[in-house]
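A closer look at the structure
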Amino acid sequence: MRRLVPIKLALVSVLIAACVTINVYFPAAAAEKAADKIIEDVWGKDQAPAPTPPSDKTSSLAPQAGRLLFAAAGAVLDFVIPAAHAQADLDIATPEVRAITASMEGRHASLSKYYASGAVGFTADGMVEVRDQNAIPLPERNQARQLVADENKDRAALYAAIAKANAHPEWEPEIRDTFAKRWVAKAQAGWWYKDAGGWKQK
Amino acid sequence: MPGERFHPVHTSFKAQALAGVVLATALLSIAPERGDAVGRIDIDIGDLVGSDWSARNVSIALELPGAEQTIARVFVKQATLMPEIGALRDLSITCPNPLVREPLFACKSATVSGQFGRFGRQQLRASLEYRSDNETLRFAIDGLRVAQGRVHVTGQWLESGWTLAAKTEGLALASLRELMKPWFALPDDLTVEGKASLDVTLHGADTIATAQVGGTLNDVTANNAAGTLATDKLNVILDTELKADGADWIIRAKIAARSGQAYSDPIFLDFAQQPATATVAGRWIPEPGILQLSELKVGQKDTVMATLAGELDFGGEMLLRKLHVDLERLEFPVAFTSLMLPFLLDTELKDLKMEGHVSGVVEMEAGLPAAFALELHEVNATGNVASFRALDGQVNWLSSARRDAPGGAASRLGAAPSRLEWQGGALYGISTGATRIHFVTAGADFRLLEPTELPILDGGLAIEELSVRELGEPQMSVRFAGELKPISVTLLSRAFGWPEFAGTIAGRIPQVSLEEDVLSLGGDLDAEVFGGQVKVNALKLQNPLGDYPQLSANITMRNLDLEAVTGTFSFGKITGRLNADIRDLELFQWAPIKFDARLYTPPGDKSRHLISQRAVNNLSNIGGGGGGVTAALSSGFLRFFEDFRYDRLGLSCRLENEICLMDGIERQQGESYYIVKGSGLPRIDIIGNARRVSWNRLVSQLTAIQASGGPVVQ
């Protein structure tokens, strides 16, 4: 029996070493691509071309302790397993996403004039907000508020639906974050957006 | 006289003193000189200084151009009467033929010019009359130009008191606001444009006793920076009277708006469409800033007629202390769209449309609704999900604070039970019939007082018990007991636009819960359709009132008559029985997006199993067989057979991400699977090859099958 102990220990060590935890990270690049596709659908393709900022895809997520280690592990896995998973697109072709996108597209014709006049702008949490009521004629103010409320409901539903469609409901905040940046990046010159420093005009 | 210090005159109004003194001095000084052949007399008075007023470099000139003709001129280099107005400079008063008949001194048509401080350079005509025996003064000033408009002022000081009246015409509000700054300031972020033509009359003795303001404000366009308060070309007619009562003011006012628009976040009023009037009687208590409304009558065309009474606290944190509203008439749709809907834009009620009218009483306390008793008259309410036609009845409600207050709620407003009845309506597009409900509601609680039945198509929903506590709160609870009385599936399918099929749906609903926007039904719903039994359970409706309702359920079907099923859906006749298990069904906007479904011949089924050519063809298409089957069936000896016998059949589809993963009763080889296993001769097996099928293509195929008459087999 005694002689078996080292063998058992060795076996346990091998087993422990073989326990690889694979964490799935939010696919930032794919999310950006998906966001751009949806924004094009909602706003139409005649939007001013907005170059993607040259950013490190993973660095857009808050760096956390241990992430480097996993990134290294990921790199090894990428090497072993051809990078099919890493390049996977975010699924946005679901009936929910399509229905919400269509609803937003239908609303855009009414909302865009408020973007242009500066009455409505984009917030850092991927929503829209009435920025300047005085830029809206009195009889239209409630209609504009209604449009903003409806748009925000759709946007919240959209971010949740994309996360759910990709079987990662917990990605909703990151998806929202990605969209928040892409709405602004693809916005026309003259439209307004809000960041930590307040309202800015693009 | 030069250099004489003038002693302060103890009168409440300095202008009276100055004018009287100057006039009397001037006139007295010339009186003894009359008749002498002097062409002109200059008298240098120098400075006159009172306790809080002064006039510097005062001089008087008398001209005697001819017999019976005198011209008196008074010059003041600089005078300060009220510091708020600023200094008066280069004041010149010319009085032709002054009347001097002691004690009466008068000047009927003086001209006055000079720089009048904040009021700028002025050229006026004035008349003045002073009696030295009783110290009374009357005057009128014409041609005063203020704020780009004209002002006519008259005044009189009698022993009993004074009156000052100003008629103004076309004053620019923006300039007037600047002018009035020392006395009255609007918030800095408010821009105001427009004209005012007002008549202002002030009466007083030591202090102001009454103030009357009447007239019009025209084309008033105002905006605050936040855009929460605005008007556009607003025209207002005013008739106001303020009466001092100790430190308080008693207010009577009539205000009418006949054109223009106003917006006070979130309410927008278009007075051209719906002119409005308000009549106020109340008391303003400056310290601590409370407005007591003894009666505020408001009326707006096609919108509202109401009388309000209450207390507004402008000094405290809570503006609306208490308010009692007697609603004579609240008229829909205007009152709903303009006064109520703006508060509902963020809710699922945003698409609600209302008609009819409401009357009753509403009470508010500390800024919140405290109770109401409302009568509904022929109200039609149409929403996205539900609609009610011809709603009548009385709804009584009181806040939980009032309900729980000591002293018992029984006799209070809003404590009585409520009653509603309606003649019909719809729920998710299905028409519902006339219903009457009796209930009590207070705070966020609702309780049905007696069982009721909501007719649905030819059946109905019998509600035995329904109570909701803490609606909208995390600790909300719902108690429900009811039963679905048999409803014809034919009518139901017609209402949903499905192919019509026979049967009924019924069931006991022991429990309903509403949590985080998910409506869940406990118990099973049973349907009798196609000669078999259908059980629906775990029914959940997410976002039931929203734009994206999502339904989930499990459905189990037993022993359906396949001949009836295939006949209804023009699939091609199949006889026999069918079981179906549909697990985890999810509908998004009433279309399936996910399920795990299996249709199969019940084990040990002894019924006659026949499948027609057309059904074979259609099933083959679904299984990926395509046109080859049609060719095979319609040629050779098979074409002589109309039906074929089968042993069992089955098909399953697991739908996810718009892909249907298909399978049959058993695997044949590799990816192929049996959909139908034939028996006897000629034996036909239908083998499916397509495992992953696009759901949309499958649906369009099934739709096409239903629409077409099927292949012709000869």
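Since we're looking at a predicted model, the values are computed, not measured.

Check the secondary structure of chain B and you find 9 helices and 46 strands. What you see for chain B is a C-alpha radius of gyration of 45 Å, clearly larger than the 27 Å of a compact globule of 714 residues, by over 25%. C-alpha atoms of chain B, sized along the principal axes, occupy 155 × 60 × 35 Å. In chain B, buried positions account for 25% of the 714 residues. Counted over contacts in chain B with a minimum sequence separation of 6, partners at least 24 positions apart contribute 47%.

Chain B puts 22 residues into the contact, and the matching count from chain A is 17 residues. Of all the elements in the fold, those that place two or more residues in the side of chain B that touches chain A are strand 14 (229-245), strand 15 (248-264), strand 16 (267-270) and strand 39 (591-600) of chain B. Of the residues belonging to the side of chain B that touches chain A, the class tally is 11 nonpolar, 6 polar and 5 charged.

Attention now goes to the environment of B:Leu48. Its location among the elements puts B:Leu48 in strand 1 (residues 40-49). We classify B:Leu48 as buried; it has 23 C-beta atoms within 10 Å.

All names here are of chain B. Sheet topology note: the strand 9 (residues 149-158)/strand 10 (residues 161-169) ladder contains 9 bridges and is antiparallel. Residue pairing across strands places His-152 opposite Lys-167, the latter belonging to strand 10. Count of turn residues in the strand 9/strand 10 antiparallel hairpin: 2 residues.

Core analysis: the largest hydrophobic core is formed by 45 residues, its most contacted members being B:Ile611, B:Val616, B:Leu619, B:Ile675 and B:Val676. It is strand 41 (residues 643-656) of chain B that provides the largest number of residues to this core, a total of 6 residues. If we skip the residues at most four places from it in the chain, B:Ile611 touches B:Ile574, B:Val616, B:Asp643, B:Phe644, B:Tyr646 and B:Val676. Among the nonpolar cores identified, the runner-up in size contains 43 residues, and A:Ile38, A:Val42, A:Val128 and A:Ala165 belong to it.

Right, let's talk about the packing of helix 5 (residues 141-165) of chain A against helix 6 (residues 172-186) of chain A for a bit. Residues and elements named next belong to chain A. Between helix 5 and helix 6, the least distance of the axes is 9 Å, while the angle of their chain directions is 125°. Taken together, helix 5 and helix 6 sit at an angle that is classed as oblique. The handedness of the crossing between helix 5 and helix 6 is right-handed. Note on element contacts: helix 6 touches helix 5 through Glu-172, Ile-175, Arg-176 and Phe-179, opposite Tyr-159, Ala-160, Ile-162 and Ala-163. Among the residues forming the contact of helix 5 with helix 6, the class breakdown is 6 nonpolar, no polar and 2 charged.

A few words now on unusual backbone geometry. When glycine is set aside, most residues are seen to have a negative phi, and most peptide bonds are trans. All names here are of chain B. Glu-287 connects to Pro-288 through a cis peptide bond whose omega is 15°. Among the structural elements, Pro-288 can be located in the loop between strand 17 (276-285) and strand 18 (290-300). With an omega of 5°, the peptide bond running from Phe-332 to Pro-333 counts as cis. In this fold, Pro-333 is placed in the loop between strand 20 (320-332) and helix 3 (334-340). Of note in this structure, Asp-584 is not a glycine but carries a positive phi near 50°.

For the rest of this paragraph, the subject is the confidence of the model for chain A. Residue and element names in this part refer to chain A. Scored by pLDDT, chain A comes out at a mean of 77, with 67% of its residues at no less than 70. Per-element averaging of pLDDT across chain A places helix 3 (residues 67-80) at the bottom with 36 and strand 1 (residues 120-122) at the top with 97. Below pLDDT 50 for its whole length, residues 49-87 participates in 14 contacts with residues either more than four positions away or in separate chains.

Residues and elements named next belong to chain B. Mean pLDDT over chain B: 87, with 91% of residues reaching 70 or higher. Note that pLDDT drops below 50 for residues 1-13; the model gives that stretch 20 contacts with residues more than four away or on any other chain. Counting contacts from residues 710-714, a segment whose pLDDT is below 50, to residues more than four positions away or on other chains yields 13 contacts. Here the prediction assigns the complex a pTM of 0.79, and the interface score ipTM is 0.76.

Parameters at a glance
- Each chain carries its own residue numbering, running from 1 in the direction its sequence is written.
- For naming, the first written chain is A and the first written ligand is 1, with later ones following in the order written.
- It should be noted that, the model being predicted, local features are given only for residues of pLDDT at least 70 and side-chain atom pairs only at 80 or more, the latter also being counted only at that level, while totals for whole chains, interfaces and linings use all residues.
- Only DSSP runs of H or I with at least four residues qualify as helices, and only runs of E with at least two residues qualify as strands; both kinds are numbered from the N terminus onward.
- We compute the radius of gyration from the C-alpha atoms alone; for a globule the expected value is 2.2 Å times N to the 0.38, where N is the number of residues.
- The exposure label follows from counting other C-beta atoms within 10 Å of a residue's C-beta, where the C-beta atoms are placed from the backbone and the thresholds are 20 or more for buried and 12 or fewer for exposed, leaving partly exposed in between.
- Note on contacts: each residue gets a C-beta atom placed from the backbone, and two residues are in contact if those atoms are within 7 Å.
- All amino acids are sorted into three groups, where Ala, Val, Leu, Ile, Met, Phe, Trp, Tyr, Cys and Pro are nonpolar, Asp, Glu, Lys and Arg are charged, and the leftover types, Gly among them, are polar.
- Strand pairing is assigned whenever DSSP identifies at least 2 bridges connecting the two strands.
- Each nonpolar core reported here comprises buried Ala, Val, Leu, Ile, Met, Phe, Trp, Tyr and Cys residues connected via C-beta atoms within 7 Å.
- Fitted lines through C-alpha atoms give the axes, limited to the stretch in contact for helices. The angle between two N-to-C directions lies from 0 to 180 degrees.
- Any angle that falls under 35 degrees is termed roughly parallel, while one over 145 is termed roughly antiparallel, one within 65 to 115 roughly perpendicular, and all others oblique.
- Rotating anticlockwise by less than a right angle from the far helix to the near helix defines a left-handed crossing, while the corresponding clockwise rotation defines a right-handed one.
- What pLDDT conveys is the predictor's confidence in a given residue, as a value from 0 to 100.

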